[in-house]
Amino acid sequence: MERFAYLAVLAGCLGAALWLEPVLRVNVLRRWRRLLLTLLPVVVVFALWDLAAIAAGHWTFDPEQTTGVLLPGGLPLDELLFFVVVPCCAILGFEAVRAVRRWPAGDEAPPGQERSP
């Protein structure tokens, strides 16, 4: 069971954050293009960083606590999922605070006001 410890932590993070989508209607998943554009640089930069650290021998992963699925360069699939799940949870949390506080984002008009073209 230890083999899935990393995935269990990621599932716990998702479980703690995904309910915000339907309950507070944060629309993070509905705006999937925006989410993808946000996640892509994070995933790329940190995956490359990890790959460099693995290649240099500065960073390792306990094979007993990961699935054992390794991507090219020795990056565990679990670690790549971490770079997707944790930022996604952070975005859900941020958008939940914005929804509750009714704070507009920089590219959205405040409630009750339309944006001019």
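This is a predicted model, so every value here is computed, not measured.

Novice: Help me understand the packing of aromatic side chains, please; the structure alone is not making it clear to me.
Specialist: Here the distance between the centres and the angle between the planes together describe a pair of aromatic rings. A complete count under the given rule lists five aromatic pairs for this structure. Measuring from ring centre to ring centre gives 6.1 Å for Trp59 and Phe61, while their planes differ by 85°; the resulting arrangement is edge-to-face. Ring plane angle 70° and centroid distance 5.8 Å describe the contact between Phe82 and Phe83, whose orientation is recorded as edge-to-face.

Novice: Before we go on, may I ask you to explain the packing of helix α3 (residues 32–56) against helix α4 (residues 77–101) in this structure?
Specialist: Two packed helices can be described by the angle between their axes and the distance between those axes. Where α3 meets α4, the axes come as close as 9 Å, and the angle between the chain directions of the two elements is 140°. In terms of orientation, α3 and α4 fall into the oblique class. Taken as a pair, α3 and α4 cross one another with a handedness that is right-handed. Listed contacts from α4 to Leu35, Thr38, Leu39, Val42, Val43, Phe46, Ala47 and Asp50 of α3 are Glu79, Leu80, Phe83, Val84, Pro87, Cys88 and Ile91. Grouping the amino acids of the contact of α3 with α4 by side-chain chemistry returns 12 nonpolar, one polar and two charged.

Novice: Can you walk me through the environment of Ala55 in this structure?
Specialist: Along the chain, Ala55 turns up in helix α3. With 20 residues separating them along the chain, Ala55 and Leu75 place their C-alpha atoms 9.8 Å apart.

Novice: Explain the packing of helix α1 (residues 5–18) against α4 to me, please; I cannot follow it from the model alone.
Specialist: Direction vectors running N to C along α1 and α4 enclose 15°, while the axes themselves pass 9 Å from each other. Looking at the two axes, α1 sits roughly parallel to α4. As α1 runs across α4, the sense of the crossing is left-handed. For the pair α1 and α4, contact is made by Tyr6, Leu7, Leu10, Cys13, Leu14, Ala17 and Leu18 and by Asp78, Glu79, Leu81, Phe82, Val85, Val86, Cys89 and Leu92, respectively.

Cut-offs applied
Residues numbered from 1 in each chain as written. Predicted model: local features only at pLDDT ≥ 70, side-chain atom pairs only at ≥ 80, totals over all residues. Heavy atoms only, no water. Phe/Tyr/Trp six-rings, centres within 6.5 Å; stacked < 30°, edge-to-face > 60°. Axes fitted to C-alpha atoms, helices over the stretch in contact; angles between N-to-C directions. Helix = DSSP H or I, 4+ residues; strand = E, 2+ residues; numbered from the N terminus. Parallel < 35°, antiparallel > 145°, perpendicular 65-115°, else oblique. Left-handed = near helix turned anticlockwise from the far one by under 90°. Contact = heavy atoms within 4.5 Å. Nonpolar A, V, L, I, M, F, W, Y, C, P; charged D, E, K, R; others polar.

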